[in-house]
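Listed below are the residues making up each chain.
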Amino acid sequence: MAVPLLDLKAQHATIRDDVVAAVMDIVDQQAFILGDPVGQLECSVAGLSQVKYAVGCANGTDALLLALRALDVGHGDEVVTTPFTFFATAGAIHNVGARPVFGDIDPRTFNIAPDTVRASISDRTKAVIAVDLFGQMAPIEEVIAAAQGRPVIEDAAQSIGASRLVNGATVMAGQAAAIGTFSFFPSKNLGGYGDGGMMVTQDESLFEALMKLRTHGSRRTYFHEIVGYNSRLDALQAAVLRAKLPHLAAWSEARRRNAAYYDAAFADLTDVVTPYIDPANTSIYNQYTLRVPERDALQAHLKAHEIGSSVYYPLPLHLQPCFAYLGYEEGQCPESERAAREVLSLPVFPELTTAQRDDVIAAVRTFFGH
Ligand SMILES: *Cc1c(COP(=O)(O)O)cnc(C)c1O
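Residues take numbers from 1 onward in each chain, read along the sequence in its written order. Thresholds applied to this predicted model are a pLDDT of at least 70 for local features of residues and 80 or more for the giving and counting of side-chain atom pairs; totals over whole chains, interfaces and linings are not thresholded and use all residues. Hydrogens and water molecules were not included; the side-chain quantities draw on all heavy atoms of the structure.

Q: It is not clear to me how the sheet that holds strand S8 (residues 179-183) should be interpreted in this structure. Could you clarify?
A: Whether parallel or antiparallel, the strands of a sheet pair through hydrogen bonds between backbone atoms. Taking strand neighbours across the sheet as the criterion, the seven strands line up as S1-S9-S8-S5-S4-S2-S3 in an open arrangement whose pairing is mixed. Of all strands in the sheet, those bounded by a partner on one side alone are strand S1 (53-57) and strand S3 (99-102). Averaged over all adjacent pairs, the angle separating strand axes in this sheet is 25 degrees, with direction ignored. Only strands joined by at least two bridges in the DSSP assignment are considered to pair. Only DSSP runs of H or I reaching four residues or more are called helices, and only runs of E reaching two or more are called strands; each is numbered from the N terminus. Only the contacting stretch of a helix is used when fitting its axis, a line to C-alpha atoms as for every element, and angles between N-to-C directions run 0 to 180 degrees.

This is the structure in structure tokens:
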């Protein structure tokens, strides 16, 4: 049986009536710009993230861009971040006119290593962006300490609803940073039916700045205090996301069950490193990512058995052609480079059936001669 990496149709089938009703309600009202569904979703996501304020925006990339602008990051500034992430994290830094400076990752979690943040700080460092990769939070309290008073943005595009125990208290993804950012791209754990994003903060003045930035720098129509963007969260997307949000916890639980099932099934494979979750973290497994020395051969084998898999990410950001001007060379972020050669993500979506899971496992095991 063919197993896709992600099956959005399977999820849609379970919620179709609710989503269609919510969308048609907006269509009947012809109320497409901001309005109730956006405000209500902002309220719910703020609650989930244990923060005071949430601001919807057009996508997760804009969420980073607006967060950087709200923190006054621009020309001449440096922003320290991880090279092992989706492109948008560093693209946003470049697009506000600042310079990305890359640390390196902890090879176990794939998240940024706080000591490399500390080592990358200079007089020009204006902010740090930590990424909660593959569904588990970066050690956010350690990144904040390493930033030495500079604001930290938490790119939680892959980790909405993930949490971390810090000094006995549960900290939600996005909560501890100056600004946390989310993406509602369809393949994220809370995905819209198109693009969408959100920013969360505890700080009222940052909230005001973000609200302004998403509507051309104006809070009063046609009066512009700063130059902002047109980056609103679409009301239709907010309606879809509101219908999906009540299911998020159960979907994350199903992903954790699938992950535990794989962990047990691969435990005896000496060439396979299963995902390491920091004991302080509860992951939402946006990806279930193995490390395998013969990664490309395994991926070809899975493809031949019609098992979906993907490499997130094949080229770390410090080696991307567009960042050649930064002057990085191979060998400067060794753990990210090694991860890029060894990682392979397997299907872990919540609707995965037992039969599908067993097919994935059988295909992986036959590759290693079991
Ligand atoms: C998906 C993603 C983004 C960008 O989100 P979009 O909504 O696609 O713009 C940013 N950072 C990370 C880590 C992501 O996974």
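Once you've had a look at it, read on.
Q: Sorry if this is basic, but what is going on with the site of the ligand here?
A: Being near a molecule or strand, for a residue, comes down to having at least one heavy atom within 4 Å of it. Taken together, 15 residues are adjacent to the ligand, and Gly 60, Thr 61, Asp 155, Ser 183 and Lys 188 come closest. Asp 155 places a side-chain nitrogen or oxygen 2.7 Å from a nitrogen atom of the ligand. Identification of polar contacts relies on pairs of N or O atoms within 3.5 Å, with a donor-acceptor requirement for protein atoms, meaning one able to donate a hydrogen and the other able to accept it, and with residues adjacent in sequence counted only if both atoms are side-chain atoms. Separating an oxygen atom of the ligand from a side-chain N or O atom of Gln 158 is a distance of 2.8 Å. For accessible areas, the Shrake-Rupley method is used with a probe of radius 1.4 Å. Any residue's cover is judged against the shown protein chains and nothing else. Isolated, the ligand exposes 380 Å² of accessible area, and the fraction of that covered by the protein chains is 94%. Secondary structure elements with two or more residues in the shell around the ligand: helix H3 (60-70) and helix H4 (88-95).

Q: Teacher, can you tell me more about the domain arrangement of the protein chain here?
A: Many descriptions give the size of an interface as the accessible area lost when the pieces come together. Each domain's extent was defined by an automatic or database domain assignment. Domain annotation of the protein chain identifies domain 1 (8-246) and domain 2 (248-367). For domain 1 and domain 2, the distance between their C-alpha centroids amounts to 24 Å. By definition, residues are in contact when any of their heavy atoms lie within 4.5 Å. The interface is formed by 44 residues belonging to domain 1 together with 37 residues belonging to domain 2. One side-chain nitrogen of Lys or Arg within 4 Å of one carboxyl oxygen of Asp or Glu is enough to make a salt bridge. Where domain 1 meets domain 2, there are one salt bridge. Asp 278 is the partner of Arg 164 in a salt bridge, and the nearest nitrogen-oxygen pair spans 3.1 Å. The tally of links between domain 1 and domain 2 comes to 26 residue pairs in polar contact (both at pLDDT 80 or more). Listed by contribution, the elements that provide at least two residues to the side of domain 1 that touches domain 2 are helix H1 (8-29), H4, S3 and strand S6 (163-166). With four residues, the single largest contributor to the side of domain 1 that touches domain 2 is S3. Broken down by class, the residue content of the side of domain 1 that touches domain 2 amounts to 23 nonpolar, 15 polar and six charged. Basically, the charged four are Asp, Glu, Lys and Arg, the nonpolar ten are Ala, Val, Leu, Ile, Met, Phe, Trp, Tyr, Cys and Pro, and anything else, Gly included, counts as polar.

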